[in-house]
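Here is how the chains run, residue by residue.
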Amino acid sequence: MKRILLGVLFYGMVQSLFAVVHFHYETVDGVEYLVWYVCSYPYSHSSDGPNHIIDSVTVSVYDINGIKDLTVPASITIPVDTGSSETRECAVSGFGKNLSEYSSMETLRFKGYFEADIFFRGSPNLRKIIFENGCSVMMGAFENCAALSELSFGGSCQVAMRAFYGCRGLKKISGLENCTGIGSEAFARTGMESVVIPAGVDFDFGVFSQCEHLCKLVVQAGVGAVPDGVVSQCPKLVDVSLPSDLVRIGDSAFYECASLSEIKLPNTLETIGSSAFSGDSLIKEILIPDAVSEIGASAFSSSGIESLDLTNTGVKEIKEGTFYGSELFEIKLPQSVVAIGDRAFGCTPITNADFSAFQIVSIGEQAFDLCGDMDAEVVLPKSLKVLG
């Protein structure tokens, strides 16, 4: 029978303490754990008896070189006091020792809720991680575990920023819908090839950004917004499916997706975030839904957009750098436009510059700077009050 040595540390919540060490074996899934724990007791027991002992523990693992599969139990049974026959269950909530040095470790399975800290960062042979009953994965906990290929979340999970950053072998994630929140760049630079964004999960910036092999993104129904930067700088992304109830595309959502050539926006869409399609040089045209009322700064900068029809939208402002450096040569603006921001059409081949029929009151600095191919005069509206 395989034996694994675990250490469990208890700290009393009182002053004037001394430590007492206990040993016993725990068997979980056929694996026998030699457990040692340090319980801190007061010199003189108070009327509260042993109630000062906390109900969760941190385990420290020693001498497990050669162990490939480690199962961490949800709880262990310990005496409530020195020499006492009375016991209590204590949840195993975290590790107290760096495990990245154990190069043989291939599989980690956590039976109970677990707080995964940086003790696993850079583990060279870790291939599979299973959280069965909830977790809190700390910042950078499994960063650069290059061999990690399979990850499973069960129960309610929270994943901090860069938790799995740089895990280039990671191609499969199960139970993503069980995560309540996922931090920025949590799965950036991984080996993911296809990603599904589930409803009810709070995504921070760039969760799946810089994934070199990611080619498909599916956003499920009920997701109100494509998360900010979610697949930014994914050079092979070609297939994007958006739900019919989407209202917002986040900032930098598809920033510098060099292979993305087409995308269908749902009729419910209201907002396109800043830099949302910036750098997407293969997108030549895109149909903007009538419900759109806001397009963020630099939304289509350095993109391949050649023409755009905003006639029936409610857009009020062409913001700073919206089309800067793009291939735009023709645009149809809505009557709702009242402002054109700095460098909005700078460095484009735009030829349509007659604004006489609009109620535009402000045109920013260098709004049409370096539009070298412009072959028509800019016709300003009578309503203009500010010219940059």
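The shown structure was predicted, so the numbers you read here are calculated from the model rather than taken from an experiment. (Residues numbered from 1 in each chain as written. Predicted model: local features only at pLDDT ≥ 70, side-chain atom pairs only at ≥ 80, totals over all residues. Heavy atoms only, no water.)

**Q** Just to check I follow, could you spell out the overall build of the chain for this structure?
**A** Helix and strand counts for the chain stand at zero helices and 29 strands. By residue count, 48% of the 388 residues in the chain fall in the buried class. Summarising the internal contacts of the chain: among those between residues at least 6 apart in sequence, 33% fall at separations of at least 24. If you sum the accessible surface of the chain, you get close to 17,000 Å²; carbon and sulfur atoms cover 47% of it. (Helix = DSSP H or I, 4+ residues; strand = E, 2+ residues; numbered from the N terminus. Buried < 20%, exposed > 50% of the residue type's maximum accessible area, 1.4 Å probe, protein only. Contact = heavy atoms within 4.5 Å. Areas by Shrake-Rupley, 256 points an atom, 1.4 Å probe, with all protein chains shown as cover.)

**Q** What is the right way to read the nonpolar core from this model?
**A** Residues Phe-142, Phe-153, Phe-164, Phe-187, Phe-208 and Phe-254 are the most contacted members of the largest nonpolar core, which totals 91 residues. With residues near it in sequence (within four places) discarded, Phe-254 still touches Leu-217, Val-226, Val-231, Leu-237, Val-240, Ile-249, Leu-260, Ile-263, Ala-276, Phe-277, Ser-278 and Asp-280. (Core = buried A, V, L, I, M, F, W, Y, C linked by side-chain atoms within 4.5 Å.)

**Q** What should I look at first to understand the sheet that holds strand 10 (residues 128–131) in this one?
**A** Remark on secondary structure: sheet strands pair via backbone hydrogen bonds, oriented parallel or antiparallel. Here five strands make up an open sheet; going across it, the order is 5-8-10-12-14 and the pairing parallel. The open sheet has two free edges, formed respectively by strand 5 (69–72) and strand 14 (172–174), since each of these has just one partner strand. Recorded for the sheet is a direction-independent mean angle of 5° between the axes of neighbouring strands. Looking at chain direction, strand 10 and strand 12 (residues 150–153) are connected through four bridges and run parallel. Bridged to Ile-129 within strand 12 is Leu-151. (Pairing = 2+ DSSP bridges. Axes fitted to C-alpha atoms, helices over the stretch in contact; angles between N-to-C directions.)

**Q** I'm lost on the confidence of the model for the chain in this one. Help?
**A** Caution applies to low-pLDDT parts of the model: their predicted coordinates are not meant to be read in detail. Confidence along the chain averages 83 in pLDDT terms, with 75% of residues attaining 70 or more. Contacts from residues 8–24, a stretch scored under 50 in pLDDT, to residues over four places away or in other chains number 67 contacts. (pLDDT = per-residue confidence, 0-100.)

**Q** Teacher, can you tell me more about the pattern of salt bridges here?
**A** Side-chain pairs of opposite charge can arise where the charged atoms are in close proximity. Applying the stated criterion across every chain yields a total of ten salt bridges. When the shortest N-O distance is used, the salt bridge between Glu-132 and Arg-109 registers 2.8 Å. In this pair, Glu-132 is assigned in the loop between strand 10 and strand 11 (135–137) and Arg-109 in strand 8 (residues 107–110), connecting sequence segments 23 residues apart. The shortest N-O distance in the salt bridge between Glu-212 and Arg-168 comes to 3.8 Å. Note that Glu-212 is positioned in the loop between strand 17 (202–203) and strand 18 (216–219) and Arg-168 in the loop between strand 13 (157–159) and strand 14, a separation of 44 residues in sequence. The exposure class of Glu-212 is partly exposed, given its relative accessible area of 42%. Here the salt bridges share partners, and the residues they tie into one network are Arg-109, Lys-111 and Glu-132. (Salt bridge = Lys/Arg side-chain N within 4 Å of Asp/Glu carboxyl O.)

**Q** Is there a simple way to explain the environment of Ser-232 in this structure?
**A** Looking at where Ser-232 falls in the secondary structure, it is placed in the loop between strand 19 (225–226) and strand 20 (239–241). On the basis of relative accessible area, Ser-232 is assigned to the buried category, the value being 4%. Considering only alpha carbons, one finds Ser-232 and Phe-205, 27 residues apart in sequence, at a separation of 9.5 Å. With sequence-adjacent residues up to four places away left out, Ser-232 is seen in contact with Ser-209, Gln-210, Ser-252, Ala-253 and Tyr-255.

**Q** I would appreciate a short explanation of unusual backbone geometry in the present structure.
**A** Both trends apply: most residues other than glycine have a negative phi, and most peptide bonds are in trans. Of note, the phi angle at Gln-233 is positive, near 60°, even though the residue is not glycine. As for its placement among the helices and strands, Gln-233 is situated in the loop between strand 19 and strand 20. The backbone of Glu-256 sits at a positive phi, close to 55°, despite the residue not being glycine. When you line up the elements, Glu-256 lands in the loop between strand 21 (248–249) and strand 22 (271–272). Under the relative-accessibility criterion, Glu-256 is labelled partly exposed at 34%.

**Q** Please explain the side chain of Thr-107 as it appears in this structure.
**A** Topologically, Thr-107 is positioned in strand 8. In this structure Thr-107 comes out as buried when scored by relative accessible area, which is 18%. Those residues within four positions of Thr-107 in sequence are excluded, and the remaining contacts are Lys-68, Asp-69, Leu-70, Leu-126 and Lys-128.

**Q** I keep staring at the state of the cysteines and nothing clicks. Help me out?
**A** Should the sulfur atoms of two cysteines be covalently bonded, the bond is a disulfide. Following the criterion strictly, the structure yields zero disulfides and no others. With no disulfide partner, Cys-179 has as its closest neighbouring cysteine sulfur the one in Cys-157, 5.1 Å distant. Looking at the unpaired Cys-257, the closest cysteine sulfur is the one in Cys-234, lying at 5.6 Å. (Disulfide = S-S within 2.5 Å.)

**Q** Even after reading the chapter, I still don't get the pairing of strand 12, so can you show me in this structure?
**A** As a general feature of sheets, a regular strand has side chains that alternate between the two faces. With burial as the criterion, only one face of strand 12 is covered, namely that bearing Leu-151 and Phe-153; the residues Glu-150 and Ser-152 on the opposite face remain uncovered. As defined by bridge partners, strand 12 adjoins strand 14 across three bridges and the pair is classed as parallel. Within strand 14, the residue paired with Leu-151 across the bridge is Ile-173.

**Q** Help me out: how do you make sense of the side chain of Ser-278 in this one?
**A** Secondary-structure assignment places Ser-278 in the loop between strand 22 and strand 23 (294–295). For Ser-278, a relative accessible area of 6% translates into the label buried. Within polar-contact distance, the side chain of Ser-278 engages the side chain of Ser-301 at 2.8 Å. Apart from the residues lying within four places of it in its own chain, the contact partners of Ser-278 are Phe-254, Tyr-255, Glu-256, Ser-298, Ala-299 and Ser-301. (Polar contact = N/O pair within 3.5 Å; in protein donor to acceptor, adjacent residues only side chain to side chain.)

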